[in-house]
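Letter by letter, the chains look like this.
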Amino acid sequence: MRRYTFMLIAAVLMLASCRPAATYRRATGSVWGTTYHITYRADRDLHDTILAEMRRVERSLSMFDPSSTVSRVNATAEYGPIEVDSMFAEVFALSRQVSTASGGAFDPTVQPLVDLWGFGPSHIDEEEPPSLAAIDSALATVGIARCRIDGSDLYKAHPLTRFDFSAVAKGYGVDRVAAALRRCGATDYMVEIGGEVSASGCNPHGRQWRIALEAPEAGSAPGSNPTDVLEISDGAVATSGNYRNYRELGDTIVAHTIDPVGGRPGYTGIAAATVEAPTCALADALATACMVLPPDRALALADSLPGVRVRLVYRRDGAWHTDVR
């Protein structure tokens, strides 16, 4: 019996030695108008799996894909019911959660206001700020709190309500790719899409993953001005800022972050908000909400949510401040 046991163990060891050892691999490319950089440890190449998951997210949430679920919803000028898929429903639920927690500072139905102020794919090019009447008209269509999903059916707040999940979709896509890697057995990875990150386990040097943060300086190229480093081994990070995407209206410079409640660009002195959270979708949405809120309220929002940390860079009384909570 010992002889056969020994032979069985030897056979198992030989089989294991014939399998390729898990090694760190990289996947890079372009998606959703930005770039992705993914490092993971696996015994086989998983790039096809990564691309397939990205495509699934795109078919649901991309405003640039006319056949996506969100594009179909936006093209339907009805209250509902409008059938949506499970990804749309998941992002909708998270968006409502963050909208409620932030007092409406985060709202993916803000798109008509984004366009009105000259940002977004359907923006209106004007040299002066929009009129009060135009703002009020756009505000009538805004409000995820007045929308609901029953089963797989969406009901809008207004027939012209439109959804733009760009402030959460990248983070959600990062989460989906990370989940796909885990299903394939990869437990050490860092997924970065357009600056939003999810990380697990160790980097190729056996240490925590290191994520560089940059100083919020207008005109700087992405990644050109690192100012700090975060180290994480299980969690997600997202950053939002007003220091690159802005435009001039008359004598005023307005940033791209629009307050969904007041209907105007939200400027509270915050130049950048970096959020650490259990999921990248949550971090992504909260980072956007923080850009609309005053610093004290943004920090209080982070305090109210388990597993969330926020780093704010803001200007007050003529000086720059950094608060981490």
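What you see is a predicted model; the values in this text were computed from it and never measured.

Draft legend 1. Seen up close, the side chain of D284. Mapped onto the elements of the fold, D284 is located in helix α8 (residues 280-292). No salt bridge is formed by the buried D284; the nearest opposite charge belongs to K170, separated by 6.1 Å. Apart from residues no more than four positions distant in its own chain, D284 is found in contact with A167, V168, A169, K170, G171, E196 and A238.

Draft legend 2. A look at the nonpolar core. Residues F88, F163, F165 and L312 are the most contacted members of the largest nonpolar core, which totals 48 residues. Elements supplying a minimum of two residues to this core: α2 (47-61), α3 (69-75), α4 (86-101), α7 (166-183), β13 (270-277), α8, α9 (295-303) and β14 (309-316). Ranked by residues supplied to this core, first place goes to α8 with 10 residues. Not counting the four nearest positions on each side in its chain, F165 is found in contact with L61, V70, F88, V91, F92, S95 and P108. Listed in part, the 19 residues of the second largest apolar core include V31, L46, I50 and Y189.

Draft legend 3. Region of interest: the pairing of strand β6 (residues 189-193). Of all five residues that make up β6, five are buried, and the element is covered over most of its length. The alternating pattern of β6 places Y189, V191 and I193 and M190 and E192 on opposite faces, both of which are buried. With five bridges connecting them, strand β2 (residues 34-42) and β6 associate as antiparallel partners. When the bridges of β6 are listed, Y40 appears paired with Y189.

Draft legend 4. Quick peek at the sheet that holds β13. Here eight strands make up an open sheet; going across it, the order is β1-β2-β6-β7-β10-β13-β14-β15 and the pairing antiparallel. Here the strands that pair on one side only, and so sit at the sheet edges, are β1 (23-31) and β15 (319-324). Within the sheet, the average angular offset between the axes of one strand and its neighbour, ignoring direction, is 10°. Across five bridges, the pairing between β6 and strand β7 (residues 196-200) is antiparallel. Of the residues in β7, the one forming a bridge with I193 is E196.

What counts, and at which threshold
Each residue is numbered by its place in its chain's sequence as written, counting from 1. Where local features are concerned, this predicted model is filtered to residues with pLDDT of at least 70; where side-chain atom pairs are given and counted, the filter is 80 or more; whole-chain, interface and lining totals use all residues. Computation of side-chain values: all heavy atoms of the structure, hydrogens and water removed. Numbering of helices and strands runs from the N terminus; a helix is a DSSP stretch of H or I covering at least four residues, while a strand is a stretch of E covering at least two. Only protein chains enter the area calculation, which uses a 1.4 Å probe; residues under 20% of their type maximum are buried, those over 50% are exposed, and those in between are partly exposed. Counting rule for charge: Lys and Arg are taken as positive, Asp and Glu as negative, and neither His nor the chain ends is counted. The rule for a salt bridge is simple: a side-chain nitrogen of Lys or Arg has to be within 4 Å of a carboxyl oxygen of Asp or Glu. Residue contacts are counted whenever heavy atoms from the two residues lie within 4.5 Å of one another. We call a set of buried Ala, Val, Leu, Ile, Met, Phe, Trp, Tyr and Cys residues a nonpolar core when their side-chain atoms join them within 4.5 Å. DSSP calls a pair of strands paired once it identifies at least 2 bridges connecting them. For helices, the fitted line uses only the C-alpha atoms of the stretch in contact; every axis is such a line through C-alpha atoms, and the angle between N-to-C directions lies from 0 to 180 degrees.

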